[in-house]
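# Inside the fold
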Amino acid sequence: MSRNPFEDDDDLFAEDPFGDSHTASARQNNSSTRVLVDGDQDAVPLHSVRRSEDAGGFLSGVGLGGGRAGSYAPVGADTDAHAGGLKRGMFSDSNSGMTKSSGGGFIQDDREAELRRREEALAAREQELRAREAHVQMMASGARPPLNFPPFYPIMYHAIDTEVPTGDRSTVRTIFYLWLALEAMLVFNCVACLVVMISGAADVSNSGASFGSSFVYLFTISAGSFFLWYRPVYNAYMKDSSMFFYLFFIFNGFHILFDAYMAVGVPGAGSAGIIIMLQCLSSNKKAAGALCGISFSLWVLHLLASLFMYRRVRTHYTARGHTFSEAKQQAYQGFAQSGAGQTAVTTAAGAYMRSNTGNFV
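All of the points below concern the structure found in this document. (Residues numbered from 1 in each chain as written. Predicted model: local features only at pLDDT ≥ 70, side-chain atom pairs only at ≥ 80, totals over all residues. Heavy atoms only, no water.)

### Side note on the overall build of the protein
Applicable threshold: A run of H or I in DSSP becomes a helix once it reaches four residues, and a run of E becomes a strand once it reaches two; helices and strands are each numbered from the N terminus. Three exposure classes are used, based on accessible area relative to the maximum for each residue type with a 1.4 Å probe and protein chains only: buried under 20%, partly exposed in between, and exposed over 50%. The criterion used for residue contact is that any of the two residues' heavy atoms lie within 4.5 Å. Computed by Shrake-Rupley with a 1.4 Å probe, the accessible areas treat only the displayed protein chains as cover when residues are assessed.
From N to C terminus, the protein includes twelve helices and four strands. Put simply, the protein has 361 residues, and 30% of those count as buried. Of the contacts formed within the protein by residues at least 6 apart in sequence, a portion of 56% connects residues at least 24 apart. For the protein, the computed accessible surface area is about 22700 Å², with 61% contributed by carbon and sulfur atoms.

Structure below.
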């Protein structure tokens, strides 16, 4: 009679039920080699990770892995391992407080920051539109806004953020800064001419006339530049008017020539330019020559910046489709609607009616 191996020895698989000698030693030390899956208190031995079904074993045919070179895998181990891998695929950035996946994805904090930025931008835009609407309603009702410029003695209303369209504000504001820079340069030029006159450089001629002219420029050039080319370009962008654009092109062109004239530094002409600088250096007046050199550099930089902005305004003018005939028509209409135009028309009509001919045709 053949022997039944399952009835022969109760301890046949007691120490190593899968015939693996490594399992017995692993079970003896299972207190230090047990792994908890999803917090389960029934730990799975470390050797139970399936290595390969190709290693053999009498239970490999039923899908439990095993074999002398391997071990069994409990049901659901693959699912738990996959879930654990997904959990390990997530990581937390402790420095930024952001949570993101290893494969990319959305970052919650970045999205919240972007939403906050958009809300702030929309709130600023809404406030801007309300201010502009209130200004338009005020102008339509005939009420004048309070005068605010210049701050020390207001004679006009000046508000780029309120009166100029949003897309053109950077251009108008840059031109305004150029005008402010011109004022500072006129003051510096006057100081340089004063130092040249005090230094008494022998090679510098008409230093007194230069200082006197530079002092007059503080008032005439300041007022002329504001009313002849800055205020026209301000009105041009505010009203989209061809006439004001042409006024800017004409008088700002003269201003660019004035920058070049001041950079040259003709003796007695009120400018501390390069000619005055060379004369001071030839007379060994280094301090006066240094001031003239700085003044010359500032005028050159202002000239280049003015040319750049002139070209930008010209490009905008062309893109908007303005023409010279439109500018003339607006000029005629403006003159007819002005007080001077109406007075001139009334005077001419009265003189004609008092003429001896009496011909009204």
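### Regarding the packing of aromatic side chains
Quick reminder of the rule: The criterion for an aromatic pair is that two Phe, Tyr or Trp rings (for Trp, the six-membered ring) have centres within 6.5 Å, with stacked assigned to planes under 30 degrees apart, edge-to-face to planes over 60 apart and tilted to the rest. Cation placement over rings: the criterion is NZ of Lys or CZ of Arg within 6 Å of the ring centroid and within 35° of the ring normal.
All told, the structure shown has 24 aromatic pairs when counted by the stated rule. Between Phe149 and Phe226, the ring centres sit 5.4 Å apart and the planes meet at 15 degrees, which makes this aromatic pair stacked. Residue Phe149 is located in the loop between helix H4 (108–140) and helix H5 (160–163), and its partner Phe226 is located in helix H7 (residues 207–239); the two are separated by 77 residues in the primary sequence. Given the relative accessible area of 4%, Phe226 is considered buried. Geometrically, the ring pair formed by Phe176 and Tyr230 is tilted, given 5.3 Å between the ring centres and 45 degrees between the ring planes. One end of the pair, Phe176, is in helix H6 (residues 169–199); the other, Tyr230, is in helix H7, and 54 residues separate them in sequence. Taken individually, Phe176 and Tyr230 each receive the classification buried, so the pair is uniform in this respect. Each residue in the set Phe149, Phe176, Tyr177, Trp179, Phe226, Phe227, Tyr230 and Tyr234 is aromatic and connected to the rest through ring pairs, giving one cluster. Over the face of the ring belonging to Phe249 we find Arg314, whose NZ or CZ atom lies 5.2 Å from the ring centre.

### A short note on the pattern of salt bridges
Counted only if it meets this: By definition, a salt bridge exists where a carboxyl oxygen of Asp or Glu is found within 4 Å of a side-chain nitrogen of Lys or Arg.
As enumerated under the stated definition, the model contains four salt bridges in all. With its nearest N and O atoms 2.5 Å apart, the salt bridge here joins Glu114 to Arg117. With Glu114 and Arg117 both in helix H4 and three residues apart, this pair spans about one turn of that helix. On the accessibility criterion, Glu114 (31% relative accessible area) is partly exposed. Note that Glu114 and Arg118 form a salt bridge whose closest N and O atoms lie 3.3 Å from each other. Of this pair, Glu114 and Arg118 are both found in helix H4, four residues apart, which corresponds to roughly one turn of the helix. Through salt bridges with shared partners, a single network forms among Glu114, Arg117 and Arg118.

### Details of helix H8 (residues 242–264)
Each α-helix turn comprises 3.6 residues. Residues three or four places apart therefore point the same way. Worth spelling out the cut-off: By definition here, a helix of n residues has an expected span of 1.5 Å times n minus one. Pairs of N or O atoms within 3.5 Å make up the polar contacts considered here, provided that, within protein, one atom can donate a hydrogen while the other can accept it, and that residues adjacent in sequence are counted only when both atoms are side-chain atoms.
For H8, with 23 residues, the first-to-last C-alpha span of 34 Å sits near the 33 Å given by 1.5 Å per residue. Its buried side turned inward, H8 meets H6, H7, helix H9 (274–282), helix H10 (286–319) and helix H11 (324–337). Residue Ser241 occupies the N-cap position of H8, its side-chain oxygen lying 3.4 Å from the main-chain nitrogen of Met243.

### Here we look at a nonpolar patch on the surface
Rule in force here: Only residues whose relative accessible area exceeds 30% and that form no salt bridge enter a patch; like-charged residues are grouped when within 9 Å of one another, and nonpolar side chains (Val, Leu, Ile, Met, Phe, Trp, Tyr) when within 5 Å.
Together, Phe152, Tyr153, Ile155, Phe227 and Leu228 give the surface a local cluster of nonpolar side chains, amounting to about 600 Å² of exposed area. Position of Leu228 among the secondary structure elements: in helix H7.

### Here's the deal with the nonpolar core
Rules: Residues grouped as a nonpolar core are buried Ala, Val, Leu, Ile, Met, Phe, Trp, Tyr and Cys residues, joined through side-chain atoms within 4.5 Å.
Grouped together as the largest cluster of nonpolar side chains are 32 residues, with contacts concentrated most on Ile175, Tyr230, Trp299 and Val313. If you list the elements that add at least two residues to this core, you get H6, H7, H8 and H10. Top contributing element to this core by residue count: H7, with nine residues. Setting aside anything within four residues of it in sequence, one finds Val313 in contact with Thr171, Ile175, Val233, Tyr237, Phe245, Phe248 and Phe249. In this structure, Cys193, Ala201, Val204 and Ala288 belong to the second largest nonpolar core, which totals eleven residues.

### Points about H9
This is how the line gets drawn: The arc under discussion is defined with respect to the helix axis, by the directions toward the C-beta atoms.
Of all the residues in H9, the buried ones are Ile276, Met277, Gln279 and Cys280. Projected down its long axis, H9 shows its buried positions confined to an angular sector of 165 degrees, all on one face. In this structure, the buried residues of H9 make contact with H6 and H10. Two residues or fewer after H9 comes Asn284, characterised by a positive phi angle close to 60 degrees.

### Points about the side chain of Ser242
Topologically, Ser242 is positioned in helix H8. Take Ser242: its relative accessible area is 0%, and that puts it in the buried class.

### Quick look at the state of the cysteines
Two cysteines whose sulfur atoms are joined by a covalent bond form what is called a disulfide. Defined as follows: By disulfide we mean two sulfur atoms from cysteines, separated by a distance within 2.5 Å.
As enumerated under the stated definition, the model contains zero disulfides in all. The structure places no disulfide on Cys190, whose sulfur is separated from the nearest cysteine sulfur, that of Cys193, by 6.8 Å. On the basis of relative accessible area, Cys190 is assigned to the buried category, the value being 8%. Of all cysteine sulfurs, the one in Cys280 lies closest to Cys292, which takes part in no disulfide; the gap is 4.4 Å.

### Quick look at the packing of H9 against H10
Rules: All axes are obtained by fitting lines to C-alpha atoms, using only the stretch in contact for helices, and the reported angles, taken between N-to-C directions, cover 0 to 180 degrees. Angle categories are assigned with fixed cut-offs, so that under 35 degrees is roughly parallel, over 145 is roughly antiparallel, 65 to 115 is roughly perpendicular, and the rest are oblique. With the far helix as reference, a near helix turned anticlockwise by less than a right angle produces a left-handed crossing, and one turned clockwise produces a right-handed crossing. For this classification, Asp, Glu, Lys and Arg are treated as charged, while Ala, Val, Leu, Ile, Met, Phe, Trp, Tyr, Cys and Pro are nonpolar and the rest, including Gly, are polar.
At a closest axis distance of 8 Å, the pairing of H9 and H10 adopts a crossing angle of 160 degrees. Judged by the angle between their axes, H9 and H10 are roughly antiparallel. Seen along the crossing, H9 lies across H10 with a hand that is left-handed. Note on element contacts: H10 touches H9 through Lys286, Ala288, Gly289, Cys292, Gly293 and Phe296, opposite Ile274, Ile276, Met277, Cys280 and Leu281. Considering only residue class, the contact of H9 with H10 consists of eight nonpolar, two polar and one charged.

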